[in-house]
Amino acid sequence: MTNRAIAELVAIVARLRSPVGGCAWDLAQTQESLIPYVIEEAYEVVDAIQTGNAQAICEELGDLLLQVVLQAQVASDRGDFDLEQVAAGISAKLIRRHPHVFGNLELTDPEQIAQNWQKIKAVERGEEGMPKLSKQLAKDLRSGPALATATKISIKAAAQGFEWQNLDQVWQKVIEELGELQQAIATESQARQESELGDLLFALIQIARWQGLDPARALYGTSQRFIQRLEKVEELGDRPLNTYTLSELEQLWQQAKQQLGE
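What counts as what
- Residues numbered from 1 in each chain as written.
- Predicted model: local features only at pLDDT ≥ 70, side-chain atom pairs only at ≥ 80, totals over all residues.
- Heavy atoms only, no water.
- Patch = residues over 30% accessible without salt bridge, like charges linked within 9 Å, V, L, I, M, F, W, Y side chains within 5 Å.
- Areas by Shrake-Rupley, 256 points an atom, 1.4 Å probe, with all protein chains shown as cover.
- Salt bridge = Lys/Arg side-chain N within 4 Å of Asp/Glu carboxyl O.
- Helix = DSSP H or I, 4+ residues; strand = E, 2+ residues; numbered from the N terminus.
- Expected span 1.5 Å × (residues − 1).
- Buried < 20%, exposed > 50% of the residue type's maximum accessible area, 1.4 Å probe, protein only.
- Arc of directions from axis to C-beta.
- Contact = heavy atoms within 4.5 Å.
- Axes fitted to C-alpha atoms, helices over the stretch in contact; angles between N-to-C directions.
- Parallel < 35°, antiparallel > 145°, perpendicular 65-115°, else oblique.
- Left-handed = near helix turned anticlockwise from the far one by under 90°.
- Nonpolar A, V, L, I, M, F, W, Y, C, P; charged D, E, K, R; others polar.
- Core = buried A, V, L, I, M, F, W, Y, C linked by side-chain atoms within 4.5 Å.

With that settled, the discussion passes to a nonpolar patch on the surface. Together, I6, L65 and V68 give the surface a local cluster of nonpolar side chains, amounting to about 200 Å² of exposed area. Mapping I6 onto the fold places it in helix α1 (residues 2–16).

Put into structure tokens, the structure is as follows:
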């Protein structure tokens, strides 16, 4: 059933990309033009998983799978590779990186397995032993959203000794970076302001790490609550929001929070 369904999806995408009778929009796409859709669908998968709705997860995974198949079809049209090569490549990689499953190596501890995975990746890249921390972090920087990436970099750096002795020292760093941002906004260029803002955000991520908090989830939750409150404000109001004064909007906002039980 799985092979038949995948084969049907591949055939549909190939038809959409066909110069004869295909879809003009699909034909116009390149690997670069499809990047926003890959990112968007990946985020929507995450959102569906967080809601716990199995039907939504299934649907969003299908949308993400479409992006994989479409990328492979575009590459195939250019003569670069096809979906079969993509699947074969990842299958070979999984077997190669799991010698404790497909070979004779005996590993049961998750941490040891993760370390061995990194060693195998280093060998694949022609490096000696474990890759340097800076190279690991540089790869992380290229592989995800800024907030999640910064969190991952912080965790890995701390594990190698780049760590404060106590939480008070982390708070001191936050206060220091806040002061530098305020100074930059008052007297320095926009580029410098942006740099100081990044430093402050990175310091706040250290607080989250020390407390075992997920900053990406925290920010998502705040955005979600903001939307819920805004929806309630719109329900309470009787005209367009931009016709209210700031004072009137604040009053509606507080009413919304009260009705939402916040």
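So, on to helix α3 (residues 35–51). With 17 residues, α3 should cover 24 Å at 1.5 Å per step; its first-to-last C-alpha distance of 25 Å lies within 8% of that length. All buried positions along α3 are accounted for by E41, V45 and A48. End-on view of α3: buried residues confined to an arc of 65°, all on one side of the axis. Summarising the contacts, the buried residues of α3 are in contact with α4 (54–77). Immediately beyond the C-terminal end of α3, within one or two residues, lies G52, with a positive phi of roughly 75°.

All right, on to the packing of helix α10 (residues 167–187) against helix α11 (residues 190–210) then. At a minimum axis distance of 8 Å, the contact between α10 and α11 shows a crossing angle of 160°. Taken together, the axis directions place α10 and α11 in an arrangement best described as roughly antiparallel. As α10 packs across α11, the resulting crossing turns out to be left-handed. Side by side, α10 and α11 meet where L167, V170, W171, K173, V174, E177, L178, E180, L181, A184 and I185 of the first sit next to R192, Q193, E196, L197, D199, L200, A203, L204, Q206, I207 and W210 of the second. Per-class residue counts for the contact of α10 with α11 are 14 nonpolar, 2 polar and 6 charged.

This paragraph deals with the nonpolar core. Where a protein is soluble and globular, its nonpolar side chains tend to be buried together. Counting residues in hydrophobic clusters, the biggest one holds 6 residues: V170, V174, L181, L200, A203 and I207. Those elements giving two or more residues to this core turn out to be α10 and α11. Those residues in contact with L200 that lie beyond four places of it in its chain are V174, E177, L178 and L181.

Think of two packed helices as two axes; the pair is described by the angle between the axes and how far apart they sit. The N-to-C vectors of α3 and α4 enclose an angle of 160°; their axes lie 8 Å apart at closest approach. As summarised for this structure, α3 and α4 are arranged roughly antiparallel, according to the angle between their axes. Like other packed secondary-structure pairs, α3 and α4 cross with a definite hand, here left-handed. Contacts from Y37, V38, E41, A42, E44, V45, A48 and I49 of α3 reach α4 at A56, I57, E60, L61, D63, L64, Q67 and Q71. Residues that form the contact of α3 with α4 fall into these classes: 10 nonpolar, 2 polar and 4 charged.

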